[in-house]
Structure formats: C-alpha cells, structure tokens
Amino acid sequence: MKNKLNKKTAKPTISLNILLAEDSPTNQLVAKLMLERRGHKVTISNHGEEAISKLLQCHKSFDLVLMDISMPVLDGLEATKYIRKLNIDTPIVALTANAMQSDQFLYNQAGMNGFLAKPIRPEELDLMLIKYQDLKQEPKHQ
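Residues numbered from 1 in each chain as written. Predicted model: local features only at pLDDT ≥ 70, side-chain atom pairs only at ≥ 80, totals over all residues. Heavy atoms only, no water.

Engineer: Help me get a handle on helix α5 (residues 122-137), residues and values and all.
Structural biologist: The terminal C-alpha atoms of α5 lie 22 Å apart, and with 16 residues this matches the ideal 22 Å at 1.5 Å per residue to within 8%. For α5, the full list of buried residues reads Leu125, Asp126, Met128, Leu129, Ile130, Tyr132 and Gln133. Here the buried face of α5 lies against β1 (17-21), α1 (25-37), β3 (64-68), β4 (92-96) and β5 (114-117). (Helix = DSSP H or I, 4+ residues; strand = E, 2+ residues; numbered from the N terminus. Expected span 1.5 Å × (residues − 1). Buried < 20%, exposed > 50% of the residue type's maximum accessible area, 1.4 Å probe, protein only. Contact = heavy atoms within 4.5 Å.)

Engineer: Report on the sheet that holds strand β2 (residues 41-45), specifying residues and quantitative values.
Structural biologist: Strand order in the open sheet formed by five strands is β2-β1-β3-β4-β5, with parallel pairing between adjacent strands. The open sheet has two free edges, formed respectively by β2 and β5, since each of these has just one partner strand. Across the sheet, the mean angle from the axis of one strand to that of its neighbour is 25°, orientation sign disregarded. Sheet topology places β3 next to β4; four bridges connect them, and they run parallel. Opposite leucine 66, over in β4, you have valine 93 as the bridge partner. On the sheet, helix α2 (residues 48-58) packs against β1, β2 and β3 and is oriented at approximately 130° with respect to β2. (Pairing = 2+ DSSP bridges. Axes fitted to C-alpha atoms, helices over the stretch in contact; angles between N-to-C directions.)

Engineer: Could you give an account of the pairing of β5, with specific residues and numbers?
Structural biologist: Taken together, the four bridges between β4 and β5 define a ladder with parallel strand orientation. When the sheet's bridge partners are listed, leucine 95 is paired in β5 with leucine 116. Read from β4 through helix α4 (residues 101-110) to β5, the crossover connection turns out right-handed. (Right-handed = clockwise from strand over helix to strand, strands pointing away.)

Engineer: Any chance you could break down a nonpolar patch on the surface for me, citing the residues and the numbers?
Structural biologist: Residues Leu56, Tyr82 and Leu86 make up a contiguous nonpolar surface patch of roughly 280 Å² in combined accessible area. With respect to the secondary-structure elements, tyrosine 82 resides in helix α3 (residues 76-85). (Patch = residues over 30% accessible without salt bridge, like charges linked within 9 Å, V, L, I, M, F, W, Y side chains within 5 Å. Areas by Shrake-Rupley, 256 points an atom, 1.4 Å probe, with all protein chains shown as cover. Salt bridge = Lys/Arg side-chain N within 4 Å of Asp/Glu carboxyl O.)

Engineer: Residues and numbers for the pattern of salt bridges, please.
Structural biologist: This model, assessed by the stated rule, comprises eight salt bridges. Notably, a salt bridge pairs lysine 32 with glutamate 36, separated by 3.0 Å at the nearest N-O pair. Of the two residues, lysine 32 and glutamate 36 both sit in helix α1, four residues apart, roughly one turn of that helix. Judged by relative accessible area, which is 27%, lysine 32 ranks as partly exposed. For glutamate 36, a relative accessible area of 35% gives the class partly exposed. Across the salt bridge formed by arginine 121 and glutamate 124, the nearest N and O atoms sit 3.0 Å from each other. Residue class for arginine 121 comes out partly exposed when judged on its relative accessible area of 45%.

In structure tokens:
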C-alpha cells in the first residue's frame, strides 16, 4: 500500500528551469542553494534588465521567474510590466520583504503570478514550487 504525501510536507519532484532575478550576491547564493537542493536548475540575473535579456533569448526554456522587487538598473515591477508587454507568459513570482496586502495587489497589477516573502522560508518555497510543478505537469491545450 502506497502512502500518499500531504502536499504541505511533500517535496517537489519535477525539476523546473528557474530564472532568479536578484541583485544581492548573498540572496542569490541562498536562493540558488535552496532551489538546487530541491532538484531545480537555476539561472541568475543581477537586475531586471538582465532578466528581460535572458527571457528574450530563451523564455520558452524557463518554467518560472523569481523576481526581486528592489533591484538597481530596472526593478522587478518595471521588468515584469515590460516582460508582459512582450507577451511572455512565463510565471513570475515576486521575491520581496514587502508582503503586505497592498504590495501584493501592486505585484498582481504588474503581471506577477504570486509572491514569496524574504527571508525565504523552506515550507513556503516548497508550496510555491509544487504549484508551478503542477502547472508544468498539466497538458497544454491549444
């Protein structure tokens, strides 16, 4: 008899190709390690403009973008708005210390699909990753 895992304790099982847009080298290292330990491939960009460039080069290869809100050159909100104007529909999740309801509304208005509060908590990361792994698993309808 197989045990069914509770989604709250289940570890992600499908590998995602994730673009991490984060300007802090420390935060880059922590997030990359957390994601790679869960079996995901991580590409790092240092600011919004770089994230846009990487998405333009190969957006079909990314399953998810984790976008810091406060970055130099181009912040996460402006980068997301630009990405959505380009009709790139890759899911974008805000990485931010600002997790108030009003902030979440702004992220949604910019075209983000969700948010993950900093510092990243493993349980919240797992729940978010499971959501996007489930989306990757679903058959695409045309």
